[in-house]
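Reading the structure
The lines below spell out each chain.
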Amino acid sequence: MKVAAFLLIAGLAFGQKPAVDWKAQEAEILRHYSALVQIDSSNPPGNETLVVNYLKKVFDAEGIPAQVFALDPARANLVARIKGNGSKRPILIMAHTDVVGVQREKWPVDPFGAIRKDGYVWGRGTVDDKDKLASNLMLMLLLKRSGARLDRDVIFLAESGEEGTTAPGIEFMVNQHFDQIDAE
Ligand SMILES: [Zn+2]
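Summary of the structure given here. (Residues numbered from 1 in each chain as written. Predicted model: local features only at pLDDT ≥ 70, side-chain atom pairs only at ≥ 80, totals over all residues. Heavy atoms only, no water.)

Concerning the environment of Lys23
Mapped onto the fold, Lys23 is located in helix α2 (residues 22–38). A relative accessible area of 63% means that Lys23 is categorised as exposed. When the C-alpha positions of Lys23 and Leu139 are compared, they lie 15 Å apart, and in sequence the two are 116 residues distant. (Helix = DSSP H or I, 4+ residues; strand = E, 2+ residues; numbered from the N terminus. Buried < 20%, exposed > 50% of the residue type's maximum accessible area, 1.4 Å probe, protein only.)

A short note on the packing of α2 against helix α3 (residues 49–62)
The geometry of α2 relative to α3 is characterised by a closest axis approach of 10 Å and an angle of 155° between their N-to-C directions. Taken together, the axes of α2 and α3 are roughly antiparallel relative to one another. For the pair α2 and α3, the sense of crossing is right-handed. On α3, the residues touching Arg31, His32, Ala35 and Leu36 of α2 are Val51, Tyr54, Leu55 and Val58. Grouping the amino acids of the contact of α2 with α3 by side-chain chemistry returns six nonpolar, one polar and one charged. (Axes fitted to C-alpha atoms, helices over the stretch in contact; angles between N-to-C directions. Parallel < 35°, antiparallel > 145°, perpendicular 65-115°, else oblique. Left-handed = near helix turned anticlockwise from the far one by under 90°. Contact = heavy atoms within 4.5 Å. Nonpolar A, V, L, I, M, F, W, Y, C, P; charged D, E, K, R; others polar.)

A word on the packing of aromatic side chains
The geometry of an aromatic ring pair comes down to the distance between the two centres and the angle between the two planes. Summed over the entire model, instances satisfying the criterion amount to one aromatic pair. Centre to centre, the rings of Phe59 and Phe156 are 5.0 Å apart; their planes meet at 70°, and the pair counts as edge-to-face. Placement of the pair is Phe59 in helix α3 and Phe156 in strand β8 (residues 154–159), with a sequence separation of 97 residues. Since its relative accessible area comes to 0%, Phe59 is described here as buried. The positively charged end of Lys117 is found above the aromatic ring belonging to Trp122, 4.6 Å away from the centroid. (Phe/Tyr/Trp six-rings, centres within 6.5 Å; stacked < 30°, edge-to-face > 60°. Lys NZ or Arg CZ within 6 Å of the ring centre and 35° of its normal.)

What about the pattern of salt bridges?
If you walk through the whole model with that rule in mind, you get 14 salt bridges. Glu62 is the partner of Arg145 in a salt bridge, and the nearest nitrogen-oxygen pair spans 2.5 Å. With Arg145 in helix α4 (residues 130–146) and Glu62 in helix α3, this pair connects stretches of sequence that are 83 residues apart. For Arg89, the salt bridge is made with Asp182, and the minimal N-O distance between the two is 3.5 Å. On the criterion of sequence distance, the pair formed by Arg89 in the loop between β3 (77–82) and β4 (91–96) and Asp182 in the segment after α6 (178–181) is long-range, its members being 93 residues apart. (Salt bridge = Lys/Arg side-chain N within 4 Å of Asp/Glu carboxyl O.)

What to know about the coordination of the zinc ion
Of the protein atoms, only His96 (NE2), Asp128 (OD), Asp128 (OD) and Glu163 (OE) coordinate the zinc ion, at distances of 2.1 to 2.8 Å. Coordination geometry of the zinc ion: the four donor atoms subtend angles of 51 to 132° at the metal centre, consistent with an arrangement described as irregular. Written as a sequence motif, the donor residues of the zinc ion are H-x31-D-x34-E. In this pair, His96 sits in strand β4 while Glu163 sits in the loop between β8 and α5 (167–176), placing the two residues 67 residues apart along the sequence. Accessibility expressed as a relative area gives 24% for Glu163, which makes it partly exposed. (Donors = N, O, S within 2.8 Å, 3.2 Å for Na, K, Ca; no water. Tetrahedral: all angles 85-135°; square planar, octahedral: opposite > 155°, others 65-115°.)

Looking at α3
Look at α3: 20 Å from first C-alpha to last across 14 residues, which is about the 20 Å you get at 1.5 Å a residue. The complete set of buried residues in α3 reads Thr49, Val51, Val52, Leu55, Val58 and Phe59. Buried positions along α3 lie against α2, β2 (66–69), β3, α4 and β8. Following α3 by one or two positions, Gly63 has its phi on the positive side, about 75°. (Expected span 1.5 Å × (residues − 1).)

Put into structure tokens, the structure is as follows:
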């Protein structure tokens, strides 16, 4: 899994052994993943701020600085950052928060139910892109809890508007807040 791979690499790179008990993390990973899938951020219209509000609460509770940037108040983006010592340029991990629309009549289950069935979590966005969003979120939480001393900042970006116009999302962040996401 992506989080495991990153932390393994991070652990090696930063000279600390990875100490993540993945079995013990499963419940929390599944909780965040399901909660994110359950937020209807179908684009259009997006309403990605609902996702950002969820993420902000989690980061705040964890003591990870997170800032919200919005061109359209309903379609906010979020940037969180774990500081390193600055000897290397930051790394940026990113995922988008919107999902494509659903034709409900074609779904055998509620597309925003995150129902567990046949060994899978069912729902719109489960493989695009809320899986990456949940992985990146967990990566930040576990990295913070590990207390690892980092050579570089790790920047988390959750961006709106990937499945349609990118104007309120990545375009807005690049054009008006590039300093927040500037990375190697
Ligand atoms: Zn996508």
